[in-house]
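The primary structure of each chain is shown beneath.
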Amino acid sequence: MSGSSRIVAVLGPTNTGKTHYAIERMLGHRTGVIGLPLRLLAREVYDKIVAIRGPSVVALVTGEERIVPPRAKYWVCTVEAMPEGMGADFVAIDEIQLCADPERGHVFTDRLLRSRGTNETLFLGSDTLRGPIAALVPEVKFIRRERMSQLVYSGSKKISRMPARSAIVGFSIDNVYAIAELLRRQKGGAAVVMGALSPRTRNAQVELYQNGEVDYLVATDAIGMGLNLDVNHVAFSSLTKFDGRRMRHLAPNELAQIAGRAGRGMSDGTFGVTGEAPPLDDGVAQAIMDSRFTPMKKLNWRNAALRFGSVEALIDSLEVSPDSEHLIKARPADDLNALKSLSQEAEVIARASDGPSVRLLWDVCRIPDFRGISHAEHASLLEVIYGHLHERGAIPDGFMARQIRRIDKTDGDIDALSKRLAYIRTWTYVAQRNGWVRDESHWRAETRIVEDRLSDALHDRLTQRFVDRRTSVLLRRLKQKEALLAEVNDKGEVTVEGEFVGRLEGFRFTPDKSAQGTEAKALKSASLQALAPQFHLRADRFYNAPDTEIDFTDQGGLMWGEYAVGKLVAGAEPLKPMVEVFVDEAAGPDVEQKVQRRLQHFIDRKVAALFEPLLNLSRDEELSGLAKGFAFRMVEGLGVLPRAGVAQEVKDLDQDARGALRKHGIRFGQFTIFMPLLLKPAPTRLRLVLWALAGGLQEFPDAPPPGLVTVPVAKGAPEGYDTMCGYRDAGERSIRIDMLERLADMLRAEDSRGGFEAKPDMLSITGMTLEQFADLMQGLGYKAERGEREKVKAAPVEAEKPATDVTEQPAAEETPAPEAEAEEVVATAEAPAEATESTEAVAEAPASEPASDETEVEVFYTFTWGRQRPANRAPRREQRQGQGPGKGKPRGKPQDGRGKPQGKKGGKPQGGKTFSSRPPRKEKAIDPDNPFAAALMGLKDGN
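Reading the values: the criteria
Residues numbered from 1 in each chain as written. Predicted model: local features only at pLDDT ≥ 70, side-chain atom pairs only at ≥ 80, totals over all residues. Heavy atoms only, no water. Helix = DSSP H or I, 4+ residues; strand = E, 2+ residues; numbered from the N terminus. Contact = heavy atoms within 4.5 Å. Areas by Shrake-Rupley, 256 points an atom, 1.4 Å probe, with all protein chains shown as cover. Pairing = 2+ DSSP bridges. Axes fitted to C-alpha atoms, helices over the stretch in contact; angles between N-to-C directions. Buried < 20%, exposed > 50% of the residue type's maximum accessible area, 1.4 Å probe, protein only. Left-handed = near helix turned anticlockwise from the far one by under 90°. pLDDT = per-residue confidence, 0-100. Salt bridge = Lys/Arg side-chain N within 4 Å of Asp/Glu carboxyl O. Core = buried A, V, L, I, M, F, W, Y, C linked by side-chain atoms within 4.5 Å. Arc of directions from axis to C-beta. Polar contact = N/O pair within 3.5 Å; in protein donor to acceptor, adjacent residues only side chain to side chain. Phe/Tyr/Trp six-rings, centres within 6.5 Å; stacked < 30°, edge-to-face > 60°. Lys NZ or Arg CZ within 6 Å of the ring centre and 35° of its normal. Parallel < 35°, antiparallel > 145°, perpendicular 65-115°, else oblique.

A.B. asks: Tell me about the overall build of the protein, and please be specific about residues and values.
C.D. replies: A tally of helices and strands in the protein yields 30 helices and 34 strands. Considering only contacts within the protein whose residues lie at least 6 apart along the sequence, 70% involve residues at least 24 apart. Looking at the protein as shown, the accessible area adds up to about 45900 Å², and 50% of this sits on carbon and sulfur atoms.

Laid out in structure tokens, this is it:
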């Protein structure tokens, strides 16, 4: 060191511009070297100097990176990689307070004591090191620099309330990842910065934060080592850390080093705690704000005068104790521990038999344990490397290629990629050592390519996991108050600024379900703002859409294709329902009104088309009196009325009134008054919805499947449901009312008093088995008496003769009832074998037919009218003039004991009937529509 050399210690808190000052001083000299605590910071300073002087004169040397141009004048290095004996004009050591660090302190202390520039030497760091520096470097001059902005303690804050441009500090990888995940869900994401990241990954993550894609940074205490970021607030998630041996509390000066990252330049900053970290003690918080800390008294030291005569001599020289009261012996570092482990291996000791071999062994032991698996694993790897170097003079190309090839994989998660990055750093370090590989440029390039590839993959995984680009982009654009561009594809998928944000279902926006909490709110807010033009375009398209694109559901919903756009609500009258639209408030009142008008037009036209007969009935001005009143009841009943509920009103109608009502398609059935056109599936489906709306039902019952004559009775259905469906409950099943009336027409011809059996036509039109039909008849008020009898077999028919027996003839085509509609379609099902065999007319077997050894038994039912006559009514014995008591006959054909009709086909019934020349009085006539007509006729004829 020349006598004119200037040694200066520039001390003070963070954000005093010390590093910037050192760069200026170095560039004022012809040559210079600056040592920095992290390779991340070294890369940052290197980039700054390159921007000023160009890459041709700036070198970067770290453990894993070496950029040395031929005309290098300024060397930017990590402290461990600083070259010795260069005789540079300028030397600077940054973060000199790390002399007190238990792990790396001895390296910084060595540079403090032995590194000098020929013209100027600077030590940059905390003011707490003033005492030891003054004692160990007597010629030093001190410069005190004050912080350029204020640092204020703001207490504890939840992560969800963390202000933008905040850095949250964790002291373990798991802690950092957990915080970053929480910020992704609540704030759109965070960048992650850790000392173990490669410079490429770290720079890419920092760029996310610096350019505003995310407003939060989650980092380890590595950000305290001079990394310059635009941070306004620093929050500690913990106040303890693992120092390699034990968990310990951070000292106030350590907290201050990290907290000082808040507020850059002239901008003030704040610091505080979050998560499970307790609030800072008032005294500690004040000390950080005032930059007043307990001075350091001792620095870590390790002997630099090493002896390489033998491995034992080297270890002894490394364990020499200091002779100054300001120095303490450093605890064994990883390199010394590795040396001790290898000294136990006989092969290693055999190789390290001279000075150069021992020096080589020490260089190998200084390879950092990047992998961090275990001391034994690290020592084993070092032994292999030392063996190659000692035996061959260089690591074989094949061995290097195999190691790199195993690592060169970009699949896997964050942890897998982080491990591969740690592994490649070992071989990057090896490739950087002079003479360790034969083709240094090749292997340095190979390891750099792999590290860069892994770094990019790790950055992508970190971003995918901890940054919701969608939310962060939208929030940033919203803050900048810029117009957002939204697009909707044919599937309803919405993208805003190219990011998928959710789906537009009709006129309601559904955010992506993966978004939760604050993220979901921000996403929806930004998306709705961008979707405003889309709502208007979609409303215009909907307004001009044909009715065929719109439909209603059984629950009263209104659909446009597959999207729900509204629902029906009860109006003033059942046939005048109103609509309630499903439109997001952000769409605006114009869109809402346009959608409502279109839906109201649709449902009004639908009611007008499907209930045209009923609406015509309601508008018929020629109806008057009782007919007009009954028309009102039909409209009120939506075209279907159980006859029992309007029996008196029907009785009061004269024939003219009935005729006027029949012109509108009303059929007066024995059980139901109905309009057959309204029993079709489409009107029935809409009638159920309108009825449920008018009744205020919370859940609308579904319409039965179309085309079925009978269906199971709907258990628990609201009263009147069967009528609105066009069915009538009878027993366990419901029968369609038009088919019921056809059945009633058949029952009129039967002896309901004396008893009758079911005919094949009865089973055919209902599609039931005999047992099901018996249950149906009981539901209609008949008694069903079950019996068994010997089955009569039909006589065999000769093959050459045509079939003439009545049992072989096809069933005669049924003549529909007079009021049956032409368009009625009867779903007839083939009756089961047992029902057909038990009810069809069977001819007796000839006497010559031999009797069967086994007698077949068939089941039959005898049906009689089961309802009681009202107590105040006496039986009417004479229904016609000139007919005496006891002379009436049942209307049906008499049957024998086996149920076979007597007499020939087409013959006259037994027993003559007489009629009076005077017709019966009108008031005594039996209404054929009366549900009790069959029973009354039976009573009349029987009496």
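Let's pick the thread back up.
A.B. asks: Describe in detail the sheet that holds strand β32 (residues 733–736), supporting the description with residues and values.
C.D. replies: A sheet is described by the order of its strands in space; here three strands give the open sequence β30-β32-β31, paired in antiparallel fashion. Of all strands in the sheet, those bounded by a partner on one side alone are β30 (710–712) and β31 (727–730). Neighbour-to-neighbour, the strand axes of the sheet open up by a mean angle of 30°, direction not taken into account. Bridge count between β31 and β32: four bridges; the pairing is antiparallel. Bridge pairing in β32 places Tyr-727 opposite Arg-736. Relative to β32, helix α26 (residues 737–748) is tilted by about 80°, and along the sheet it contacts β31 and β32.

A.B. asks: Can you explain the pairing of strand β22 (residues 508–511)? Please cite residues and give values.
C.D. replies: Remark: a regular strand shows side chains that alternate across the two faces of the sheet. As judged from the four bridges shared by strand β21 (residues 499–505) and β22, these two strands associate in the antiparallel manner. Bridge pairing in β22 places Arg-503 opposite Thr-510. Between β21 and β22, which follow one another and run antiparallel, lie two residues, and Gly-506 among them has a positive phi close to 70°.

A.B. asks: For helix α20 (residues 612–619), give the residues involved together with the corresponding values.
C.D. replies: Listed as buried for α20 are Pro-613, Leu-614, Leu-615 and Leu-617. Buried-residue contacts for α20 involve α19 (589–610), α21 (625–636) and α23 (655–662).

A.B. asks: Could you give an account of the packing of helix α6 (residues 199–210) against helix α16 (residues 440–466), with specific residues and numbers?
C.D. replies: The contact between α6 and α16 brings their axes to 8 Å, and the two run at 35°. Crossing hand, α6 versus α16: right-handed. Between α6 and α16, the residues in contact are Pro-199, Arg-200, Thr-201, Ala-204, Gln-205 and Leu-208 and Glu-451, Asp-452, Ser-455, Asp-456, Leu-458, His-459, Leu-462 and Thr-463, respectively.

A.B. asks: Please provide a residue-by-residue account of the pairing of β21, values included.
C.D. replies: Examined bridge by bridge, strand β20 (residues 493–496) and β21 share four bridges and lie antiparallel to one another. Each residue of the ladder has a partner; that of Val-496, found in β21, is Glu-499.

A.B. asks: Break down the confidence of the model for the protein for me, citing the residues and quoting the values.
C.D. replies: In this model, the protein carries an average pLDDT of 83, and 82% of its residues clear a pLDDT of 70 or more. Averaged pLDDT values over the elements of the protein bottom out at 34 in helix α29 (residues 833–839) and peak at 97 in strand β6 (residues 90–93). Here residues 799–852 is a poorly scored stretch, pLDDT under 50, and it has 76 contacts once near neighbours within four places are set aside; other chains count. Within the model, pLDDT remains below 50 along residues 869–924, and this stretch shows 67 contacts once partners closer than five positions in the same chain are excluded.

A.B. asks: Outline the pattern of salt bridges, listing residues and values.
C.D. replies: A side chain with one charge can pair with a side chain of the opposite charge if their charged atoms come near. The tally for this structure, following the rule as stated, stands at 50 salt bridges. Close ionic contact of Glu-347 with Arg-351 constitutes a salt bridge, the shortest N to O distance being 3.2 Å. One end of the pair, Glu-347, and the other, Arg-351, are both in helix α11 (residues 346–351), four residues apart, so they sit about a helical turn from each other. By relative accessible area, which is 17% here, Arg-351 ends up buried. Asp-738 serves as the salt-bridge partner of Arg-736, at 2.9 Å between the closest nitrogen and oxygen. Taking relative accessible area as the criterion, Arg-736 reaches 11% and is therefore assigned buried. Taking the relative accessible area as the measure of exposure, Asp-738 reaches 5% and is therefore buried.

A.B. asks: Can you tell me about the environment of Ile-168, naming the residues and giving the values?
C.D. replies: Inspection of the secondary structure assignment puts Ile-168 in strand β10 (residues 166–169). Spatially, the C-alpha atoms of Ile-168 and Ile-179 are 8.0 Å apart, while their sequence positions differ by eleven residues. Sequence-distant contacts of Ile-168, that is, excluding residues within four places in its chain, are made with Ile-159, Met-162, Ile-179, Leu-183, Leu-217, Val-218, Ala-219, Ala-235, Ser-237 and Thr-274.

A.B. asks: Explain the nonpolar core to me, and be specific about the residues and the numbers.
C.D. replies: Ranked by size, the top nonpolar core spans 66 residues in total, and within it Phe-507, Phe-630 and Leu-661 carry the most contacts. Setting aside residues up to four positions removed in sequence, Leu-661 forms contacts with Leu-617, Leu-623, Ala-627, Phe-630, Ala-631, Leu-653, Ile-666 and Phe-668.

A.B. asks: Any chance you could break down the sheet that holds strand β11 (residues 191–193) for me, citing the residues and the numbers?
C.D. replies: By way of backbone hydrogen bonds, the strands of a sheet pair with one another, either parallel or antiparallel. Pairing in this open sheet of six strands is parallel, and the strands run β9-β16-β13-β10-β12-β11 from one edge to the other. The open sheet has two edge strands, β9 (151–156) and β11, and neither has a second partner. Across the sheet, the axes of successive neighbouring strands diverge by a mean angle of 25°, strand direction being ignored.

A.B. asks: Summarise α23; cite the residues concerned and give the values.
C.D. replies: Every buried residue belonging to α23 is among Ala-657, Arg-658 and Leu-661, and all of these are buried. Buried residues of α23 fall within an arc of 100° about the axis and therefore sit on the same side. Exposed residues on α23 whose side chains face more than 90 degrees from its buried face are Gln-655 and Asp-656. Close packing links the buried residues of α23 with α20, α21, α22 (647–652) and β28 (667–668).

A.B. asks: Outline unusual backbone geometry, supporting the account with residue identities and numerical values.
C.D. replies: One non-glycine residue, Ser-291, adopts positive backbone phi at about 55°. One can find Ser-291 in the loop between α8 (282–290) and β17 (299–301). Note on Ser-291: relative accessible area 22%, which makes it partly exposed. Unlike most non-glycine residues, Leu-638 shows phi in positive territory, near 60°. Mapped onto the elements, Leu-638 comes out in the loop between α21 and β27 (640–642). Judged by its relative accessible area of 2%, Leu-638 is buried.

A.B. asks: Break down the environment of Lys-329 for me, with residues and values.
C.D. replies: Of note, Lys-329 is situated in strand β18 (residues 327–329). Placed 29 residues apart in sequence, Lys-329 and Asn-300 show a C-alpha to C-alpha distance of 5.9 Å. Look past the residues within four positions of Lys-329 in its chain and what remains in contact with it is Trp-301, Glu-319, Val-320, Ser-321 and Pro-322. Here Glu-319 takes part through its backbone oxygen, which lies 3.1 Å from a polar atom of the side chain of Lys-329.

A.B. asks: Lay out the packing of aromatic side chains in plain terms, naming residues and giving numbers.
C.D. replies: Throughout the structure, instances matching the rule amount to 13 aromatic pairs. On the numbers, 5.7 Å between centres and 75° between planes, the contact of Phe-399 with Trp-427 is edge-to-face. With a gap of 28 residues between them, Phe-399 in helix α14 (residues 397–407) and Trp-427 in helix α15 (residues 414–432) connect regions that are remote in the sequence. Take Phe-399: its relative accessible area is 11%, and that puts it in the buried class. Seen from their ring centres, Phe-756 and Tyr-782 are 6.1 Å apart, and the 85° between their planes marks the pair as edge-to-face. Here Phe-756, found in the loop between α26 and α27 (760–766), pairs with Tyr-782, found in strand β33 (residues 782–790); they are 26 residues apart in sequence, far enough to count as distant. As far as burial versus exposure is concerned, Phe-756 and Tyr-782 are alike and both buried. Chaining the aromatic ring pairs together yields one cluster made of Phe-756, Phe-773, Tyr-782, Tyr-861, Phe-863 and Trp-865. Looking at Arg-371, its charged tip hangs above the ring of Tyr-423, at a distance of 5.8 Å from the centre. Positioned over the ring face of Phe-668 is Arg-658, at 5.6 Å from the centre of the ring.

A.B. asks: Please provide a residue-by-residue account of the packing of helix α10 (residues 334–342) against helix α12 (residues 355–365), values included.
C.D. replies: Packing of α10 against α12 brings their axes to within 8 Å, and their N-to-C directions diverge by 125°. One way to sum up the angle between α10 and α12 is to call them oblique. As for how α10 packs across α12, the hand of that crossing is right-handed. The segment α10 lies against α12, with Asp-335, Leu-336, Ala-338, Leu-339 and Leu-342 engaging Leu-361, Trp-362 and Cys-365.

A.B. asks: Mind laying out the side chain of Thr-672, listing which residues take part and the relevant values?
C.D. replies: Mapped onto the fold, Thr-672 is located in strand β29 (residues 672–674). The contacts of Thr-672, once residues within four sequence positions are left out, are Val-640, Leu-641, Pro-642, Arg-643, Arg-667, Ile-737 and Glu-741.

A.B. asks: Could you give an account of the environment of Ala-431, with specific residues and numbers?
C.D. replies: Considering the arrangement of structural elements, one finds Ala-431 in helix α15. The exposure class of Ala-431 is buried, given its relative accessible area of 0%. Counting along the chain gives 14 residues from Ala-431 to Ala-445, while the straight-line C-alpha distance between them is 9.0 Å.

A.B. asks: Quick one: what's the story with the side chain of Thr-766, residue by residue and with numbers?
C.D. replies: Mapped onto the fold, Thr-766 is located in helix α27. Apart from the residues within four sequence positions on either side, Thr-766 is in contact with Val-709, Thr-710, Ile-735, Leu-743, Phe-773 and Leu-776.

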